[in-house]
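What follows is each chain in one-letter form.
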Amino acid sequence: MEKNLTTGSVFKTLLYFSLPYLLAYFLQTLYGMADLFIIGQYNGVESTTAVSIGSQVMHMLTVMIVGLAMGATVMIGQAVGAGKKEQASLAIGNTITLFMILSVIVTAVLLIAVRSIVTVMSTPAEAVSGTVAYLTVCFIGVPFITAYNIISSIFRGMGDSKSPMYFIAVACVANIALDYLLIGGLGLGPVGAALGTTLSQTISVIVSLVVILKKKTGITLTATAFKPRRETMGGLLKIGIPIAMQDGFIQIAFIVITIIANRRGLNDAAAVGIVEKIIGILFLVPSSMLQSVSALSAQNVGAGKHDRARRTLFYASAMSVLWGLAAVILMQIDAETFIGLFADNAEVIRLGGQYMRGYVWDSALAGIHFCFSGYFCAYGLSGISFIHNSLSIVCVRIPVAYFASKYFTDTLFPMGLASTAGSALSVVICVGVFVWLERRRRNLSFPIFHVNKKCKNTGSLL
């Protein structure tokens, strides 16, 4: 349902809007971890590694879809904030048309390239067949993954963060039940994990479509809204492509680190894969704040309330940092207990603890540049986020991980610091750009950003 986010207490609005986001991300992370946890209870290290590597590829694909869908959230949010329901309708219709076409194309390409992807990942020989089977089934379900994420982006752009939480809750419950049935009951291994993921996404999409048909959103969709329009699709892609590329590059960096770990052996590969899953939980608050800042700021930008957009950024950054510091303390005290939830191999637990203690510092720093990315995106300046993340990956994350693996062969701790160091560079760049923009705004005596009055309704820099 359409909701105005441009009035009332900024802190309370952010808190109430981000909590459903946070719960949705928690459920989505739990959804992803269920495969790894359950496969570890019934199968060996090779199956755990297969699901770990396969799920990392799927995570990369999913975050790129979410990044591209950010264009829809921002455009719809700006239109709702400005009270332009016709523009919101066009943004929704064109989003559905664009993503459905893309999902079919992507599915075909991925199915053709599945074995090449497994090879590029330097998958250990013992896990190759399981990884191929897992990815093949998951790739078939790409249209349903895409459908869920665009539906969620549309609701969030209209100010509704609760409905997507309910949709993912349905998928999470279904996935866990199906995993126990297909992996534990039928003994299907990685194929069962993939089937559980795909079928649960399908169920979630069906439920969300039923809700859409019954719910009054305040926006009417006609056949005209689905007709591709250059300005509308251009606006969607202008915002979404840099975010999708940024998220894709980040995941590529993680995959490169995974490849480096895979070449160190099966135990190192399993340890890194497990830590990546746990990090997904620690990044819940930063990720929810990124999306919340983007959605809330977009509506405020549309309404011309730039001060509220800045305060949203500051509150979100503070909350993210506090969460990150709590995670750092917890993992420094006893990371092995959390690793042990997913493995009973002593060496995997030891290596995972080392990797986690270096990596966990990223949960505090990432929260800052995540929030800035959401803020810049709300103004249509998603290119800034793409630039700082690209620089951090090319200049820091990958080089540090490579040299750490080469010169510290008996520990994964230095490799864990690679992501932390990359986020530190991103924070410096984001803060520097924000300060520069604010100084220019004050010198010019008017807001440095404005909302384009044309149909595409994207933010631009004066």
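Residues numbered from 1 in each chain as written. Predicted model: local features only at pLDDT ≥ 70, side-chain atom pairs only at ≥ 80, totals over all residues. Heavy atoms only, no water.

Attention shifts here to the overall build of the protein. Helices and strands together make up the secondary structure of the protein, namely 16 helices and 2 strands. Residues classed as buried in the protein amount to 60% of the 462 residues present. The contacts of the protein with a sequence gap of at least 6 include a subset with a gap of at least 24, amounting to 83%. Within the structure as shown, the protein displays about 17800 Å² of accessible surface, and the carbon and sulfur contribution to it stands at 70%. (Helix = DSSP H or I, 4+ residues; strand = E, 2+ residues; numbered from the N terminus. Buried < 20%, exposed > 50% of the residue type's maximum accessible area, 1.4 Å probe, protein only. Contact = heavy atoms within 4.5 Å. Areas by Shrake-Rupley, 256 points an atom, 1.4 Å probe, with all protein chains shown as cover.)

Taken as a whole and assessed by the stated rule, the structure comprises 10 aromatic pairs. Centre to centre, the rings of Tyr 402 and Phe 403 are 5.2 Å apart; their planes meet at 75°, and the pair counts as edge-to-face. Given the relative accessible area of 43%, Tyr 402 is considered partly exposed. One aromatic cluster is present, formed by Phe 314, Phe 372, Tyr 375, Phe 376 and Phe 434 through successive ring pairs. (Phe/Tyr/Trp six-rings, centres within 6.5 Å; stacked < 30°, edge-to-face > 60°.)

What follows deals with helix 13 (residues 346-359). Helix length check: helix 13, at 14 residues, gives a terminal C-alpha distance of 20 Å against a target of 20 Å (1.5 Å per residue), a fit within 8%. Buried residues dominate helix 13, accounting for 11 of its 14 residues. For helix 13, the complete set of buried residues consists of Val 348, Ile 349, Leu 351, Gly 352, Gly 353, Gln 354, Tyr 355, Met 356, Arg 357, Gly 358 and Tyr 359. (Expected span 1.5 Å × (residues − 1).)

Once that is clear, we can look at the environment of Met 415. Mapped onto the elements of the fold, Met 415 is located in helix 16 (residues 413-444). Along the chain, Met 415 and Met 356 lie 59 residues apart, while their C-alpha atoms are 9.6 Å from each other. Beyond its immediate sequence surroundings of up to four residues, Met 415 is in contact with Ile 257, Ile 260, Ala 261, Arg 264, Tyr 355, Ala 401, Ala 404 and Ser 405.

Here the protein averages 77 in pLDDT, while 85% of its residues score no lower than 70. When mean pLDDT is compared element by element in the protein, helix 12 (residues 306-339) scores highest at 88, while strand 2 (residues 459-461) scores lowest at 38. The low-confidence segment residues 445-462 (pLDDT under 50) makes 56 contacts with residues lying over four places distant or belonging to another chain. (pLDDT = per-residue confidence, 0-100.)

Now for a nonpolar patch on the surface. On the surface, a nonpolar cluster with roughly 380 Å² of combined accessible area is contributed by Phe 37, Tyr 42, Tyr 180 and Leu 341. Position of Tyr 42 relative to the elements: it lies in helix 1 (residues 10-42). Here Tyr 42 falls in the partly exposed class, since its relative accessible area comes to 44%. (Patch = residues over 30% accessible without salt bridge, like charges linked within 9 Å, V, L, I, M, F, W, Y side chains within 5 Å. Salt bridge = Lys/Arg side-chain N within 4 Å of Asp/Glu carboxyl O.)

Below, the discussion takes up the packing of helix 9 (residues 230-262) against helix 15 (residues 382-407). Where helix 9 contacts helix 15, the axes come no closer than 9 Å and their chain directions differ by 5°. When the axes of helix 9 and helix 15 are compared, the pair comes out roughly parallel. Of the residues assigned to the contact of helix 9 with helix 15, the class counts are 16 nonpolar, 7 polar and 2 charged. (Axes fitted to C-alpha atoms, helices over the stretch in contact; angles between N-to-C directions. Parallel < 35°, antiparallel > 145°, perpendicular 65-115°, else oblique. Nonpolar A, V, L, I, M, F, W, Y, C, P; charged D, E, K, R; others polar.)

With that settled, consider helix 12. Since the α-helix packs 3.6 residues into each turn, any two residues three or four apart lie on the same face. In a regular helix each residue adds 1.5 Å, so 34 residues correspond to 50 Å; helix 12 covers only 44 Å between its end C-alpha atoms and thus falls short of that length. The largest bend along helix 12 measures about 80° and falls at Ile 333. (Bend = angle between axes of the 7 residues up to and from the residue.)

As for its position among the elements, Thr 107 is in helix 3 (residues 85-120). Here Thr 107 falls in the buried class, since its relative accessible area comes to 11%. A polar contact is formed between the side chain of Thr 107 and the backbone oxygen of Ser 103, at a distance of 2.7 Å. (Polar contact = N/O pair within 3.5 Å; in protein donor to acceptor, adjacent residues only side chain to side chain.)

Quick look at the pattern of salt bridges now. Scanning the model with the defined rule gives 4 salt bridges in all. Put simply, Asp 307 and Arg 310 hold a salt bridge, and the shortest N to O gap is 3.9 Å. With Asp 307 and Arg 310 both in helix 12 and 3 residues apart, the pair spans about one turn of that helix.

Among the secondary structure elements, Ile 239 is positioned in helix 9. Judged by its relative accessible area of 0%, Ile 239 is buried. For Ile 239 and Leu 68, which are 171 residues apart along the polypeptide, the C-alpha to C-alpha distance reads 7.6 Å.

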